[in-house]
Amino acid sequence: MNKPTSGKERRRGVRIPISCEATIVPAGTISECEAICIDIGVGGMTLLTRYVPREEEIFEVFVKPPKGSVAGEIMHSRVQVRRCHASGDGQFSLGVKIIEVIK
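Rules and cut-offs
Chains are numbered independently. Their residues run from 1 in the order of the written sequence. With pLDDT at 70 or above as the cut-off, local features in this predicted model cover only qualifying residues; side-chain atom pairs require 80 or more to be listed or tallied, and sums for whole chains, interfaces and linings still use all residues. As a rule here, side-chain values come from all non-hydrogen atoms in the structure, and water together with hydrogens is ignored. Here a helix means four or more residues in a row that DSSP labels H or I, a strand means two or more in a row labelled E, and each is numbered from the N terminus. By the criterion applied in these results, polar contacts are pairs of N or O atoms within 3.5 Å in which, for protein atoms, one can donate a hydrogen and the other can accept it, and in which residues neighboring in sequence qualify only through two side-chain atoms. For every residue, the accessible area (1.4 Å probe, protein chains only) is compared with the maximum for its type, and the residue is labelled buried under 20%, exposed over 50%, or partly exposed between those bounds. The rule for pairing is simple: two strands pair if DSSP sees at least two bridges between them.

Engineer: Help me understand the environment of Glu57, please; the structure alone is not making it clear to me.
Structural biologist: When you line up the elements, Glu57 lands in the loop between β3 (44-49) and β4 (58-63). Sequence-wise, Glu57 and Ala27 are 30 residues apart; in three dimensions their C-alpha atoms are separated by 9.1 Å. A polar contact of 2.8 Å, which involves the side chain of Glu57, links it to the backbone nitrogen of Arg54.

What follows is the structure in structure tokens.
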């Protein structure tokens, strides 16, 4: 049984709020899905998307740099879904753990 949480932050690492375009690339024949990366940290990120993943699903995600940024590199990583919650307007908030930074 899960213990009730106190409402305190349970993450070990700090998350930095951002708003960057992202693309989710699920394994198999499912096509790419648009997303917005709303925060990122050393161990994970939160994605806002219409894609509904399977429990513990692993997929690749490409996060573009913020608009107007001098940094031009896209972050390409392999992630694992840790949570998925409906956030309204047919979108879902995905909490994902970064397994590997590919580029």
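Engineer: For this particular structure, what's the right way to read the side chain of Asp39?
Structural biologist: By secondary structure assignment, the location of Asp39 is in strand β2 (residues 33-40). Residue class for Asp39 comes out buried when judged on its relative accessible area of 14%. Side-chain polar atoms of Asp39 contact the side chain of Arg15, separated by 3.0 Å. A polar side-chain atom of Asp39 sits 2.9 Å from a polar atom in the side chain of Thr46.

Engineer: Sorry, what's going on with the pairing of β3 here?
Structural biologist: Each regular strand carries side chains that alternate between the two faces of the sheet. In terms of burial, β3 is a largely internal element, five of the six residues being buried. Looking at chain direction, β2 and β3 are connected through five bridges and run antiparallel. By the bridge assignment, Ala35 is partnered in β3 with Thr49. Two elements, β3 and strand β6 (residues 91-101), share six bridges in a ladder whose sense is antiparallel. Looking at the pairing, Leu48 lines up with Ser93 of β6.

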